[in-house]
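Secondary and tertiary structure notes
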Amino acid sequence: MTEERPPISWDALAAELAATREEAEQRDGADPATWDAVAAELAARVAERSAPVAEPAPVEEPAPLAPPVAAVPSPEPAPEAGPAPEPEPEADLDPAALRGGLEALLFVVDTPVDEVTLAGVLRCPVPRVRTLLAELAEDYDRRRAGITLRRVGEGWRLYTREEHAGVVERYLVDGQRSRLTQAALETLAVIAYRQPVTRARVSAIRGVGVDGVMRTLLSRGLVSEVGTDPDSGGGLYATTPLFLERLGLESLDELPELGPLLPETSAVLDEHPDA
């Protein structure tokens, strides 16, 4: 801490100056050099005493305290979540309707179908579908039905029973060798001479629908689909090499001319006067 000095007393300074002057006159007389020394000494004393005293740094007043903040009530704890509500039991589905729908699905699929897919379509739980499948398979075996239900990999599919394989084989083999109907022969002739041709065009030429006949010709391997019509988007059909083999032809160029086979115009008009 800096020591505080008393203020300069001008009366004391004047008395000291007078005493110094009197002493100097008694000792040396009024010598100007003596007065210069006295003045210098006085100047030094005045400078020493009048030097500014470092004032203590002002004490900063403390900042006013902020008003007390109102106490914020702590949030109440959230109520603990109770146990999840159990799902409502599904309505009791008709067992007969489920069984019939399951059999219909198994009849139309051409690859083994899994239990999850069947359950999604039938809109019932997977365990129930699994139970129905087991009941169906057991029922088919118990009745020695012509079909059997088998689990293949991860799916289920209907198959013909092995003991009836002979009947199925006779149908597939001997049925292929049966004679074609008149409708099938006419449709085959239209395809042979107008190929490639759409099914709609064949129907227009014959004047009747040919869907069933076309399936027969396709299953016999006498015609096949060879492309798509750019105008209608329908499939284009043509004869196969088996067709030439059965007719004993080397190529379609050996087909007989249509001219001699066509009826006379008058006969057509008599038969179809509105044509």
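Whatever comes next refers back to the structure up there.
Overview of the structure. (Residues numbered from 1 in each chain as written. Predicted model: local features only at pLDDT ≥ 70, side-chain atom pairs only at ≥ 80, totals over all residues. Heavy atoms only, no water.)

With that out of the way, let us pick up the sheet that holds strand β3 (residues 197–198). The strands that make up a sheet pair up through hydrogen bonds in the backbone, lying either parallel or antiparallel. Pairing is antiparallel in the open sheet, where three strands are placed in the order β3-β5-β4. Looking along the sheet, the strands with just one partner apiece sit at the ends: β3 and β4 (223–228). One ladder, built from two bridges, connects β3 with strand β5 (residues 235–239); its direction is antiparallel. Of the residues in β5, the one forming a bridge with Val197 is Tyr237. Of the strands in this sheet, β3, β4 and β5 touch helix α7 (residues 182–194), which is tilted by about 95 degrees from β5. Strands β4 and β5 of the sheet are contacted by helix α9 (residues 211–220), whose axis makes an angle of about 105 degrees with β4. (Pairing = 2+ DSSP bridges. Helix = DSSP H or I, 4+ residues; strand = E, 2+ residues; numbered from the N terminus. Contact = heavy atoms within 4.5 Å. Axes fitted to C-alpha atoms, helices over the stretch in contact; angles between N-to-C directions.)

So, about the nonpolar core. Counting 19 residues, the largest nonpolar core has Leu180, Leu188, Ile191, Val202, Leu217 and Phe243 as the members making the most contacts within it. Broken down by secondary-structure element, the contributors of at least two residues to this core are α7, α9 and α10 (241–247). Per-element tally for this core: the top contributor is α7, with five residues. Apart from residues no more than four positions distant in its own chain, Leu188 is found in contact with Leu180, Leu217, Leu222, Val223, Thr239 and Phe243. (Core = buried A, V, L, I, M, F, W, Y, C linked by side-chain atoms within 4.5 Å. Buried < 20%, exposed > 50% of the residue type's maximum accessible area, 1.4 Å probe, protein only.)

Within β5, five of the five residues are buried, which leaves the element mostly enclosed by the surrounding structure. With burial as the criterion, each face of β5 is covered, one bearing Gly235, Tyr237 and Thr239 and the other bearing Leu236 and Ala238. Across five bridges, the pairing between β4 and β5 is antiparallel. Looking at β5, one finds that Thr228 is bridged to Gly235. What sits between the antiparallel neighbours β4 and β5 is a turn of six residues, in which Gly233 has the positive phi angle 80 degrees.

A few words on the side chain of Thr187. Locating Thr187 in the fold gives a position in helix α7. With sequence-adjacent residues up to four places away left out, Thr187 is seen in contact with Val202, Arg206, Val210, Val213, Met214 and Leu217.

Take the packing of α7 against helix α8 (residues 199–206) next. Two elements in contact, α7 and α8, have axes whose closest approach is 10 Å; the angle formed by their N-to-C orientations is 120 degrees. On the basis of the axis angle, α7 is oblique to α8. The crossing of α7 and α8 is right-handed. Counted together, Ala183, Glu186, Thr187, Val190, Ile191 and Arg194 of α7 and Arg201, Val202, Ile205 and Arg206 of α8 form the full contact between these two elements. (Parallel < 35°, antiparallel > 145°, perpendicular 65-115°, else oblique. Left-handed = near helix turned anticlockwise from the far one by under 90°.)

This paragraph deals with the packing of aromatic side chains. Evaluation of the coordinates by the stated rule reveals zero aromatic pairs. Between the NZ or CZ atom of Arg150 and the centre of the ring of Tyr159, over which it lies, the distance is 5.0 Å. (Phe/Tyr/Trp six-rings, centres within 6.5 Å; stacked < 30°, edge-to-face > 60°. Lys NZ or Arg CZ within 6 Å of the ring centre and 35° of its normal.)

For the peptide bond that leads from Gln195 to Pro196, omega is -10 degrees, which places it in the cis range. Relative to the assigned elements, Pro196 resides in the loop between α7 and β3. Located in the positive-phi region is Arg123, a residue other than glycine, with phi close to 60 degrees. Within the secondary structure layout, Arg123 lies in the loop between α4 (115–122) and α5 (126–143). In this structure, Arg144 is a non-glycine residue whose phi angle is positive, near 55 degrees.

Note on placement: Thr148 falls in strand β1 (residues 147–152). Residue classification places Thr148 among the buried positions, given a relative accessible area of 8%. If near-sequence neighbours (up to four positions away) are discounted, Thr148 is found in contact with Tyr140, Asp141, Arg157, Leu158, Tyr159, Thr160 and Arg161.

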